[in-house]
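# Structure at a glance
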Amino acid sequence: MPEDDRAVRERVRRLIDETGRERTQLLEVLHKVQAEYSHVPRAAAEAIEQEMNVPIADTYGVVTFYDLLSDKPVGRRVLRICEDVTCSLHGAAELAARAERAIGPEGEPSPDGAVSWTRCACLGLCDKAPAALFAEEPLAPLSETAIAKVGEGHA
Amino acid sequence: MHEPVLLRRQGHPDATLEAYVADGGLKGFARTREIGQAATVAVVTESGLVGRGGAGFPTGRKWESVRTAAESERYFVLNADESEPGTFKDRVMIETDPYMVLEGVLIACYAIAATRAYIYVRGEYRGAARLLAAAATQLAAAGHLDGIAPGGRPLAIEVRHGGGAYICGEETALFRSIEGYRGEPMSKPPFPTVAGLFRKPTVINNVETIANIPDILSRGAGWLQRYGTDRSPGVKLFSVSGHVGRPGVYELPFGAPLQELLDLAQAGRDLRALLLGGAAGTFVFPGDFDMPLSYEGAQSRAATLGSGALIAFDQGTDLWRVAERLGNFFAHESCGQCVPCRIGTRRQHEMLAALADGSGGDGERERIATLGQVMTDASICGLGQTASTAVRSLIDAESRGLLAV
Ligand SMILES: Cc1cc2nc3c(=O)[nH]c(=O)nc-3n(C[C@H](O)[C@H](O)[C@H](O)COP(=O)(O)O)c2cc1C
Ligand code: SF4
Ligand code: FES
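This paragraph deals with the interface of chain B and chain A. Each partner contributes to the interface: chain B provides 49 residues, whereas chain A provides 33 residues. Between chain B and chain A, a total of about 3100 Å² is buried, with carbon and sulfur atoms accounting for 54% of that surface. Our enumeration of links across chain B and chain A arrives at three salt bridges. With a shortest N-O distance of 3.1 Å, Arg-325 of chain B and Glu-83 of chain A are connected by a salt bridge. At the junction of chain B and chain A, the tally comes to 21 residue pairs in polar contact (both at pLDDT 80 or more).

Taken together, 13 residues are adjacent to ligand 2, and Cys-335, Gln-337, Cys-338, Cys-341 and Cys-381 of chain B come closest. Of the residues contributing to the shell around ligand 2, the split by class is eight nonpolar, five polar and no charged.

Moving on: the domain arrangement of chain B. Residues and elements named next belong to chain B. The assigned domain composition of chain B is domain 1 (17-226), domain 2 (235-314) and domain 3 (319-399). In this assembly, 13 residues from domain 1 lie in contact with 18 residues from domain 2. Roughly 1200 Å² of surface becomes buried between domain 1 and domain 2 when both sides are summed, with 61% attributable to carbon and sulfur atoms. On the domain 1 side of the contact with domain 2, Arg-52, Phe-88 and Lys-89 bury the most area, a combined 37% of that side's loss. Here Lys-236 ties to Glu-208 by a salt bridge, and the two come within 2.7 Å at their closest N and O atoms. Connecting domain 1 to domain 2 are eight residue pairs in polar contact (both at pLDDT 80 or more). The greatest single-element share of the side of domain 1 that touches domain 2, amounting to three residues, is contributed by helix α5 (residues 89-96). Tallied by class, residues from the side of domain 1 that touches domain 2 come to five nonpolar, four polar and four charged.

Okay, unusual backbone geometry next. Cis geometry marks the peptide bond from Ala-129 of chain A to Pro-130 of chain A, where omega comes out at 0 degrees. By secondary structure assignment, the location of Pro-130 of chain A is in the loop between β2 (115-120) and β3 (132-134). Between Pro-189 of chain B and Pro-190 of chain B the backbone carries a cis peptide bond, its omega angle lying at 5 degrees. With respect to the helices and strands, Pro-190 of chain B occurs in the loop between α8 (171-179) and β4 (202-206). The residue Asn-53 of chain A is not glycine, and still its phi comes out positive at about 65 degrees.

A few words on the domain arrangement of chain A. How large an interface is tends to be reported as the accessible area lost when its parts come together. Each assigned domain of chain A is listed with its residue range as follows: domain 1 (3-65) and domain 2 (77-152). Of note, the centres of domain 1 of chain A and domain 2 of chain A, computed from C-alpha atoms alone, are 28 Å apart.

Turning next to helix α15 (residues 364-378) of chain B. Residues separated by three or four positions in an α-helix point in the same direction, a consequence of the helix having 3.6 residues per turn. Residue and element names in this part refer to chain B. The terminal C-alpha atoms of α15, which comprises 15 residues, lie 21 Å apart, in line with the 21 Å expected from a rise of 1.5 Å per residue. When we look at burial in α15, the residues that qualify are Glu-364, Ile-368, Leu-371, Gly-372 and Met-375. Angularly, the buried residues of α15 cover 105 degrees about the axis, an arc narrow enough to put them on a single face. Those residues of α15 that are exposed and aimed more than 90 degrees away from the buried face are Glu-366, Thr-370 and Asp-377.

Turning our eyes to something else, we now look at the sheet that holds β3 of chain A. Residues and elements named next belong to chain A. With mixed pairing, the four strands of this open sheet are ordered in space as β2-β1-β3-β4. Two strands bound the open sheet, and with one partner strand each, they are β2 and β4 (137-138). Sheet analysis places β3 next to β4, joined by two bridges and oriented antiparallel. The partner of Phe-134 across the bridge, within β4, is Glu-137. Where helix α6 (residues 92-103) meets the sheet, it contacts β1 (77-82) and β2, and its direction lies at approximately 160 degrees from that of β2.

This part takes up the pattern of salt bridges. Per the counting criterion, the structure on display carries 47 salt bridges over all chains. Here the salt bridges do not stand alone but share partners, grouping Glu-83, Glu-106 and Arg-119 of chain A together with Arg-321, Glu-324, Arg-325 and Asp-357 of chain B into one network.

The rules behind these values
Residues numbered from 1 in each chain as written. Chains lettered and ligands numbered in written order. Predicted model: local features only at pLDDT ≥ 70, side-chain atom pairs only at ≥ 80, totals over all residues. Heavy atoms only, no water. Contact = heavy atoms within 4.5 Å. Buried area = accessible area lost by both parts, 1.4 Å probe. Salt bridge = Lys/Arg side-chain N within 4 Å of Asp/Glu carboxyl O. Polar contact = N/O pair within 3.5 Å; in protein donor to acceptor, adjacent residues only side chain to side chain. Near = heavy atom within 4 Å. Nonpolar A, V, L, I, M, F, W, Y, C, P; charged D, E, K, R; others polar. Domains from an automatic or database assignment. Helix = DSSP H or I, 4+ residues; strand = E, 2+ residues; numbered from the N terminus. Expected span 1.5 Å × (residues − 1). Buried < 20%, exposed > 50% of the residue type's maximum accessible area, 1.4 Å probe, protein only. Arc of directions from axis to C-beta. Pairing = 2+ DSSP bridges. Axes fitted to C-alpha atoms, helices over the stretch in contact; angles between N-to-C directions.

In structure tokens form, the structure reads like this:
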């Protein structure tokens, strides 16, 4: 087993220790794994199987179900641009196009792995449309300047 | 001018436990302990409170079935998953007054003898989740959770973070999510009050519903009826966004005219239409802006209040483009479990995209309406059942000539 896989398993074991090993804690554990590795790596799913008795297939079933979790690496900080009804009235499509130019293709981490961007459904920030989250915190109203800063790593 | 009730502490600088108690907080909970479980539920039932999460079910009836359930293990779940497009009132409620929301949770847990409380906050609401967790910690430290759980134990309150899935706001999907599974709804019955979280009797309530509880207890069963209409007692939070001067959350008594809400939000006179009730709501046109904002008032105009979301569109808005966005939302958020919804929401989105691009063929509108009927009839949960409601209201409005510019 490669050395870093071993480290991941060890780290995930500790996350499970502090969160709880019952199945009901699975989503909470996965949130922490995602925050740490910007995705849920195979070695983490293996540790979850051993420690929490959740089959690897189940873990990935859950990971692929939820938008905030991913089975492939995303940026360490993700820019989520709302493309829902209210935000689309306030230029969401243009902002997404701007993100594509400033950061790269949707869902793909920048070369240094620092950021990625994605479109998302209503964030419950419609009063501040056009809305976005960056590193899970509100960035609203979202501006072209803010996107440029994210792209340049200055946000 | 309506004096806010639920949002009366808006603008107060510090939402601390001390400030809350100094302002009369926790009186409702004290009353609950005084009168006991059965009488507490009776007050809630008598008050006429119905759920604000969309379904409008009488809150006291839910509580009573769990209170009198045979099983001793039972749960209370606070639904703070708020993900209906255009809806942000629960977030504002929590940000304004986290302690009032938690006091409602304490009263509910005490009244139904809950083993444990779960607060499920959508994963995108980090700030709201932090506020609720901090408030729960403060309440525990001050001893307010002591003796609430059965056997005189302190109540355990767990804050859970959603994973970013609209469907998890549906109660049975939410339970699956807490249990550690994909958030796929289950057919009902059995209802949550019989077999809910972990298959145990469960009360699940929306944030706004629960925020009403402390005042109902401290001011009495008749208090809620001082506001609103006979059939819709109380006040309602409305989330207003889109083409208005002052988007935000507004509180009004039920029955207030829709135009009053538009005026509060500084909507201009050039509105083309509104989407009322969120993605599963209906389009409303200027001829109906005098509609009373009550459950029966909306119904009389074939509309729905839903979660109280209102999105305003000015004359320059292409409503078919809006419909396309709605189609995109449902196609993305369908959990995929039932075929009519999984395939239907995708087909619906394709057809709406074609209509928005002006490339929809003859009979596209009829096909959308037929597909919508199939989804309504054959889907197991509310998402599939209402995925075509707004779109069909738009098609209907067009046939009545309301879309002509
Ligand atoms: C697709 C779907 C999404 C829902 N989303 C929410 C939600 O985000 N928040 C909520 O309180 N209720 C939501 N509901 C309604 C819940 O299933 C449930 O009726 C509600 O939480 C009960 O609380 P109440 O009686 O206090 O309204 C949703 C229902 C459906 C069908
Ligand atoms: S109607 Fe749609 S969202 Fe609801 S259970 Fe079926 S597939 Fe899932
Ligand atoms: S529509 Fe974008 S935050 Fe609600």
